[in-house]
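So the chains spell out like this:
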Amino acid sequence: MKRRSAALEILNLKELSVHRGLWENQWLLSSVISHLYTPLTGAIRIPTVSFSPENVNATALAEFGEYIRTVFPTVFKTSFIRHEVIGEYSHLLTVRGSDPSLQPYMLMAHSDVVPAPDEGWEVPPFSGLERDGFIHGRGTLDNKNSLMAILQALELLLNRNYIPRRSFFIALGHDEEVSGQNGAQKISALLQARDIKLAFIVDEGNFILDGFIPHLKKPFAMIAVSEKGSINLRLEVNMTPGHSSAPPKETSIGILAAAVSRLEQTPMPNMFGSGPLKMTLQELAHEFSFPANIILSNLWLFGPLVSRLMERNYITNALVRTTTALTMFNAGVKVNVIPPVAQAIINIRIHPAQTVQEVLDLVKNIVADNRVQFHVLTAFDPLPVSPSDHQALGYQLLRQTIQSIFPEVSTVVPGICIGNTDSRHYTNLTTSIYRFNPLYLHPQSFRSIHGINEKISVPAYETQVKFIFEFIQNADADQEPAPHQHEL
Ligand SMILES: CCCCCCCC/C=C\CCCCCCCC(=O)N[C@@H](Cc1ccccc1)C(=O)O
Ligand SMILES: [Zn+2]
Ligand SMILES: [Zn+2]
């Protein structure tokens with residue numbers, strides 16, 4: 001196999017479109033389906049829905065495993081790539097580089113998706129239809145786009161006889177949406193048993209954000225260097241059941257409803273000023289015009305004002321405090337029976353400056369009713385903050401590749417991910433975990449993640465492939481990349 005030239009292999013979008021065409025033809029030959037596919041549309045059609053750790057769609061996950069082997073044949077037959085199936089449906093690819101002195105890194109994505117009832121969708125969520133320049137369906141942003149883009153970029157590189165210098169892993173989880181315990185956790189344990197240490201990890205997470213901050217017209221890239229902690233808490237009230245014709249003064253439902261209402265009405269403390277947000281805003285300040293640039297550059301003075309402004313919007317509010325979402329409520333079995341038990345689930349996302357224990361204490365103080373019992377279902381603290389300085393290889397490679405693929409994006413800032421990712425299971429392998437999708441995200445598309453009408457534009461998906469294609473090659477450098485010239 002030919003050694004790749006020292007010069008960066010450039011993939012232009014026209015070439016990628018041609019490649020899509022090839023896939024379409026291949027599918028036409030090998031399938032009875034007359035609709036034209038891209039690898040991503042085919043992936044969306046497989047309903048790999050996770051409901052709970054015990055209830056995943058095993059048939060769809062198995063089909064998905066077959067599908068990626070079919071559409072990326074070179075990846076799965078290349079001699080220097082080892083493929084292992086972990087936890088039945090997750091995939092670990094080990095791509096052996098030619099220079100063992102370079103520390104390996106890891107790219108991550110997941111194949112499972114959250115459920116998507118048909119109601120409200122412009123296009124059925126598992127049809128994978130391409131319409132008006134968009135591929136529609138569950139998983140087009142979270143996170144089959146990344147999974148397919150990683151494999152598609154690698155397939156393209158291999159077909160050009162590329163051999164990486166730096167080894168890397170590709171970890172594709174199958175149960176990220178329900179905790180990652182059978183996928184990411186097992187892959188992490190396996191790599192730990194093999195004594196692997198990683199230079200860095202890149203997983204899903206933040207995006208190139210556009211339209212999230214009033215008065216900021218320009219998009220900026222936010223690489224998440226941490227993610228919030230989480231508690232899933234079950235609240236339960238048990239009371240004596242009885243006939244509804246003579247109800248007691250308080251029922252289990254009433255007591256629990258009042259408790260959860262107090263939680264909803266009492267926001268957790270605003271933690272503005274601690275955690276990575278300050279760094280995010282300071283690095284963003286120059287993007288704003290007067291007077292916002294001065295305000296953001298002087299948070300020692302204007303911090304209270306900025307923190308109040310951030311609280312007003314539900315997305316930026318999630319950056320300044322621990323959030324409390326009431327997500328499930330169950331009680332009652334019959335119209336005329338006073339129910340013995342009422343239960344509610346509270347999904348809490350912990351601000352980086354707080355811990356599970358501190359938040360549980362606050363919740364108990366807010367509820368302040370000893371008839372309400374607390375059961376912690378799952379809990380973990382906020383994740384450590386990964387480095388984002390000039391020596392931080394993973395961060396600088398992302399930044400370098402963002403500036404090459406998205407030249408119009410002049411600002412790249414470190415930030416926090418308000419959701420959780422499978423990457424949290426890998427803290428024993430590296431201190432450098434970056435959560436970033438090379439895609440534009442607008443507030444409307446943010447709402448489509450886990451919501452309705454999730455979709456990705458075909459050019460956006462092609463650009464994601466191009467980004468990874470270039471990122472893998474950039475990672476072959478044996479030193480951290482030079483700071484971008486805009487900084488000089
Ligand atoms: C000043 C800057 C303004 C910035 C605005 C921030 C905009 C936010 C942008 C993107 C955030 C998207 C987060 C996407 C990650 C979602 C991954 C996910 O869905 N994870 C699940 C995983 C999970 C975890 C634990 C149990 C079950 C599932 C989740 O977090 O729920
Ligand atoms: Zn995801
Ligand atoms: Zn998700």
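Residues numbered from 1 in each chain as written. Chains lettered and ligands numbered in written order. Predicted model: local features only at pLDDT ≥ 70, side-chain atom pairs only at ≥ 80, totals over all residues. Heavy atoms only, no water.

A. The arrangement of the pattern of salt bridges in detail. This structure, assessed with the given rule, holds 11 salt bridges. Put simply, E287 and K218 hold a salt bridge, and the shortest N to O gap is 3.7 Å. Residue E287 is located in the loop between α8 (277–284) and α9 (292–297), and its partner K218 is located in the loop between β9 (201–209) and β10 (220–227); the two are separated by 69 residues in the primary sequence. For E287, a relative accessible area of 13% corresponds to the buried category. The partner of R371 in a salt bridge is E250, and the shortest N-O contact between them spans 2.8 Å. On the criterion of sequence distance, the pair formed by R371 in the loop between α12 (356–367) and β16 (372–380) and E250 in the loop between β12 (242–243) and α7 (252–265) is long-range, its members being 121 residues apart. What makes R371 partly exposed here is its relative accessible area of 32%. (Salt bridge = Lys/Arg side-chain N within 4 Å of Asp/Glu carboxyl O. Helix = DSSP H or I, 4+ residues; strand = E, 2+ residues; numbered from the N terminus. Buried < 20%, exposed > 50% of the residue type's maximum accessible area, 1.4 Å probe, protein only.)

B. Examining the nonpolar core more closely. Residues M148, F200, I402, F467 and F471 are the most contacted members of the largest nonpolar core, which totals 88 residues. In terms of residue count, helix α5 (residues 144–159) provides more of this core than any other element does, 10 residues in total. Of the domains in this structure, domain 1 (2–225 + 383–474) and domain 2 (227–380) are the two that each give at least three residues to this core. In this structure, F471 is in contact with Y105, L107, F200, V202, L397, L398 and T401, ignoring residues within four places of it in sequence. I231, L233, V367 and V372 belong to the second-largest nonpolar core, a separate cluster that totals 22 residues. (Core = buried A, V, L, I, M, F, W, Y, C linked by side-chain atoms within 4.5 Å. Domains from an automatic or database assignment. Contact = heavy atoms within 4.5 Å.)

C. A look at the side chain of S448. The residue S448 is located in helix α14 (residues 443–448) in this model. Those residues within four positions of S448 in sequence are excluded, and the remaining contacts are R138, L141, N453 and E454.

D. Region of interest: the packing of helix α3 (residues 58–71) against α5. Put simply, α3 and α5 touch, their axes get as near as 11 Å, and they point 35° apart. By crossing handedness, the relation of α3 to α5 is classed as right-handed. Two secondary-structure elements touch here, α3 through F64, Y67, I68 and V71 and α5 through K144, L147, M148 and L151. Residue classes in the contact of α3 with α5 are distributed as 7 nonpolar, no polar and 1 charged. (Axes fitted to C-alpha atoms, helices over the stretch in contact; angles between N-to-C directions. Left-handed = near helix turned anticlockwise from the far one by under 90°. Nonpolar A, V, L, I, M, F, W, Y, C, P; charged D, E, K, R; others polar.)

E. Spatial organisation of the sheet that holds strand β7 (residues 134–136). The sheet built from 3 strands is open, its strands ordered β6-β7-β19 with antiparallel pairing. The open sheet has two edge strands, β6 (130–131) and β19 (455–457), and neither has a second partner. Pairing analysis gives 3 bridges linking β7 to β19, with the strands arranged antiparallel. Of the residues in β19, the one forming a bridge with H136 is K455. Helix α15 (residues 458–474) rests against β6, β7 and β19 of the sheet, and its axis sits at about 75° to β19. (Pairing = 2+ DSSP bridges.)

F. Seen up close, the site of ligand 1. Surveying the vicinity of ligand 1 reveals 18 residues, the closest of which are E176, E177, R349, N420 and H450. Between an oxygen atom of ligand 1 and a side-chain N or O atom of R349, the distance comes to 2.8 Å. Here a nitrogen atom of ligand 1 and a backbone polar atom of N420 are 2.6 Å apart. Look at ligand 1: alone it shows 780 Å² of surface, and the protein chains cover 90% of it. (Near = heavy atom within 4 Å. Polar contact = N/O pair within 3.5 Å; in protein donor to acceptor, adjacent residues only side chain to side chain. Areas by Shrake-Rupley, 256 points an atom, 1.4 Å probe, with all protein chains shown as cover.)

G. A look at the pairing of strand β15 (residues 341–350). Taking burial as the measure, the 10 residues of β15 include 7 buried ones, the bulk of the element. Sheet topology note: the strand β11 (residues 229–238)/β15 ladder contains 10 bridges and is antiparallel. Note on β15: the bridge partner recorded for R234 is I345. The sheet contact formed by strand β13 (residues 323–331) and β15 spans 8 bridges and is antiparallel. For F329, the partnering residue across the bridge sits in β15 and is A344.

H. The arrangement of the domain arrangement of the protein chain in detail. The domains assigned to the protein chain are domain 1 (2–225 + 383–474) and domain 2 (227–380). Measuring from the centre of the C-alpha atoms in domain 1 to the corresponding centre in domain 2 gives 31 Å. Listed as interface residues are 29 residues of domain 1 and, on the opposing side, 19 residues of domain 2. Buried surface at the junction of domain 1 and domain 2, summed over both partners, amounts to about 2200 Å²; 64% is from carbon and sulfur atoms. In this structure, R435 and E227 form a salt bridge, with 2.7 Å as the shortest nitrogen-oxygen distance. (Buried area = accessible area lost by both parts, 1.4 Å probe.)

I. Quick look at the sheet that holds β11. Taking strand neighbours across the sheet as the criterion, the 4 strands line up as β13-β15-β11-β16 in an open arrangement whose pairing is antiparallel. Of all the strands in the sheet, the pair left with one neighbour each is β13 and β16. Averaged over all neighbouring strand pairs, the angle between strand axes comes to 20°, with direction disregarded. Each of β11, β13, β15 and β16 touches α7; the most contacted strand, β15, lies at about 15° to it.

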